[in-house]
Amino acid sequence: MSWLSSRKLQERLSLLVFLLPTLLFVFIFIAFPVLSSGYLSFTEFNYAKDDAPAFVGFSGYMDTILHDTLFHTAIKNQFQFAIPYILITFVVSLGLAILVGELGRGARIFQIIFYLPMIVAMSMAGVAFSWILNQDVGIFNHFLRSIGLASWARNWFGDPATALYGLVVTRSWKMIGFTFIVFLSGVQAIPRSLREAAKVDGANFWQEVRHVVIPLLRPYLLTGGIWIIINSLKVFTLPHMVTQGGPGVATLTLYYYSWKAAFQRYDMGLASQVAYVTAFIILLLSWALNKVLNPESTGRF
Amino acid sequence: MNGLRSFARLLSRRQTAIFYAMVIVASALFLFPPLWMLNTSLRATEDIYRVPPTVLPAKITLENYVYVLTQMQGTRYFLNSVVVTLASVLLVLLASAMGGYAFGARRFRGKELLYMGIVFVLTVPYIMYLIPIYLMEIKLHLRNTWIGLILPYVALNLPWGLLIMRSAFSTIPLEIKDAAVIDGCNEYQLWYRVMLPITRPALAATTIVTFVFVWQEYLFASTLMTKNQWQTLPVGIVWLRDELQTMAYGRVGAMFVLSILPIFILFLLLRNFFIKGLTEGMLKG
């Protein structure tokens, strides 16, 4: 009997031991920060001069959401970034997945090539593209000049008209590999017989894709699509290290605005408000998309 | 009839050729940025800034690599990245193997609720953690230390590790556990000697997901490590670019190649693990 109870006690104790690291990390570095930045978002707190946060309730949110023109710019930029980014990433990764799915020999090599940018850090991608798109000595402008399009050559990341789209291209290059792999695994899961049947019925390739492949890919398209949409809102690295939000405020995104408020203006209240509004948009969007479209997905970064 | 069939075959062969052509063009576009960095890194400075630029190096030189590794903080960035990545991976493995066992193979009150809470964390954008962690690290003097970067990285990756490890532990049949208990294993021996070896593929997936994340991470590294000597590679390369302005692209290229090399080799060796582990890790685990 006493052996039994001590065994039980030991079991209980061991459970605590197994859970302890998880609980410590989750509470200290996740739960506490979330609550703490929630509190900060209801305060006025300039880290450079105030000793402690001063509670102001919702008035900080009101100011930011209603009157802060930089915040409005950040929201506008964010969506101006997101729409082409979502379209490019989705269409290119789907197109590549369908093409590579058709290939017999060499399909694996192409799979590796298109996935490769996923292992390149975002800041490395930013460095590479700012070199390629450099105004005077960049190879892309040189290419344009050499084919007689000299008037198109410009400082791609320095021109307010193109800077944001330069970031779209850079980020798409890096992220396409992920949805490509998701879609490719969908394409490869389609039974050969279904596609043969379509061919026998006289469907050309385009009809086969439209009426057989796309409908069967639906769950993959939803999962990948939601992932792209959520990720299109979490843009920090490129505006931070390629354009510094500029020129002017042309590439000021929500993440970067929150960071700038906190670490350049030391306005922790504003920074937390922007972070919370961004998080709210992201959570609402992922909830709504999952509710409407249904697959099992979560976003990262 | 015969003519029609051979016409159809010709058509499909032509179609395949067109597909190959399209995929090859796309591959060239995808490979261009890293290859161009490699190309730049092998040139002398005056060769890089020639106007008009040339496509191939006039002469291949390793001077940029030598410079980055001997004159700059290059090796220091490398060391920081290696230490932070290895420590984060090991801690995530340990914590998620322990926690995953508790959530996957044990029963206790409040388990589902606690687990749901941790999984919910996965959807929270990282920008929400950054400011409080920064303020906390100032108080604890953790900025510009390895541990100050490792701890948040472990916390950010732990939920993914738990997701992966929990599902691995939950598929282990109960008979194995019972047999081990009858053999006189205590709880820790049961976990370490009996259960853990079975979850090896899940441990590999957790390793890859964490490794790839930490090796590339920029938001926390650039904010928490404010001094040059504590920078990891993804942030260090930006310092390198800014410090030397436009003259630095050969060196930036060398740094680019050096920092991608380790993960690239790993990727080629374990590509199936990589693609499967990352895809699953990023979607659901």
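Residues numbered from 1 in each chain as written. Chains lettered and ligands numbered in written order. Predicted model: local features only at pLDDT ≥ 70, side-chain atom pairs only at ≥ 80, totals over all residues.

(A) Expanded view of the overall build of chain A. Each helix and strand counted, chain A has twelve helices and two strands in total. When the helices and strands of chain A are read in sequence order from the N terminus, they spell out α-β-β-α-α-α-α-α-α-α-α-α-α-α. Against the globule reference of 19 Å for 301 residues, chain A gives a C-alpha radius of gyration of 25 Å, more extended than a compact globule. Projecting the C-alpha coordinates of chain A onto the three principal axes gives extents of approximately 75 × 70 × 35 Å. A total of 301 residues make up chain A; the buried ones form 45% of that total. Taking as baseline every contact in chain A between residues at least 6 positions apart, the subset at least 24 positions apart corresponds to 69%. (Helix = DSSP H or I, 4+ residues; strand = E, 2+ residues; numbered from the N terminus. Rg over C-alpha atoms; globule rule 2.2 N^0.38 Å. Buried ≥ 20, exposed ≤ 12 C-beta atoms within 10 Å, placed from the backbone. Contact = placed C-beta atoms within 7 Å.)

(B) The environment of Val-121 of chain B, seen in detail. Structurally, Val-121 of chain B can be placed in helix α5 (residues 111–121). On the basis of neighbour counts, which here come to 20 C-beta atoms within 10 Å, the residue Val-121 of chain B falls in the buried class. Beyond its immediate chain neighbours, meaning those up to four positions away, Val-121 of chain B contacts Ile-30 of chain A together with Pro-159 of chain B.

(C) Structural context of the nonpolar core. Judged by nonpolar contacts, the single largest core of 161 residues is most densely connected at Ala-128 and Phe-180 of chain A together with Val-154 and Phe-256 of chain B. With 15 residues, helix α7 (residues 146–170) of chain B is the largest single contributor of residues to this core. Looking at this core, you find at least three residues from each of domain 1 (21–61) and domain 2 (65–283) of chain B. Discounting chain neighbours no more than four positions away, the residues touching Phe-256 of chain B are Met-124, Val-127 and Ala-128 of chain A together with Met-37, Ser-41 and Ile-237 of chain B. (Core = buried A, V, L, I, M, F, W, Y, C linked by C-beta atoms within 7 Å. Domains from an automatic or database assignment.)

(D) Examining helix α5 (residues 122–132) of chain A more closely. Counting buried positions along α5 of chain A yields eleven of eleven residues, so the element is predominantly enclosed. Regarding α5 of chain A, the residues found buried are Met-122, Ser-123, Met-124, Ala-125, Gly-126, Val-127, Ala-128, Phe-129, Ser-130, Trp-131 and Ile-132 of chain A.

(E) The arrangement of the interface of chain A and chain B in detail. Residue-level contacts link 75 residues of chain A with 73 residues of chain B. Sort the elements by how many residues they give to the side of chain A that touches chain B and helix α1 (residues 2–40) of chain A lands first, with 18 residues. Residue composition of the side of chain A that touches chain B, by class: 53 nonpolar, 17 polar and five charged. (Nonpolar A, V, L, I, M, F, W, Y, C, P; charged D, E, K, R; others polar.)

(F) Geometry of the packing of helix α9 (residues 205–231) of chain A against helix α12 (residues 268–293) of chain A. Residue and element names in this part refer to chain A. Closest axis-to-axis distance for the α9/α12 pair is 10 Å, and the angle between their directions is 165°. Judged by the angle between their axes, α9 and α12 are roughly antiparallel. As for how α9 packs across α12, the hand of that crossing is right-handed. Between α9, through Leu-222, Ile-226, Ile-229 and Ile-230, and α12, the contact on the second element is made entirely by Ile-282, Leu-285, Ser-286, Leu-289, Asn-290 and Leu-293. When its residues are assigned to classes, the contact of α9 with α12 shows eight nonpolar, two polar and no charged. (Axes fitted to C-alpha atoms, helices over the stretch in contact; angles between N-to-C directions. Parallel < 35°, antiparallel > 145°, perpendicular 65-115°, else oblique. Left-handed = near helix turned anticlockwise from the far one by under 90°.)

(G) Here's a closer look at the domain arrangement of chain B. Residue and element names in this part refer to chain B. Taken domain by domain, chain B holds domain 1 (21–61) and domain 2 (65–283). Every contact between the two is made by eight residues of domain 1 and, on the other side, eight residues of domain 2. If you list the elements that add at least two residues to the side of domain 1 that touches domain 2, you get α1 (2–41) and α2 (45–48). The leading source of residues in the side of domain 1 that touches domain 2 is α1, at five residues.

(H) Spotlight on the confidence of the model for chain B. Here chain B averages 87 in pLDDT, and 92% of its residues register 70 or above. The ipTM assigned to the predicted complex is 0.89, against a pTM of 0.90. (pLDDT = per-residue confidence, 0-100.)

(I) Structural detail: the packing of helix α3 (residues 63–70) of chain B against helix α13 (residues 249–269) of chain B. Residue and element names in this part refer to chain B. Where α3 meets α13, the closest approach of the two axes is 8 Å, and the angle between their N-to-C directions is 75°. One element, α3, and the other, α13, form an angle in the roughly perpendicular class. Facing α3, whose interface residues are Asn-64, Tyr-65, Tyr-67 and Val-68, α13 presents Gly-250, Arg-251, Gly-253, Ala-254, Met-255 and Leu-258. For the contact of α3 with α13, the class distribution of residues is six nonpolar, three polar and one charged.

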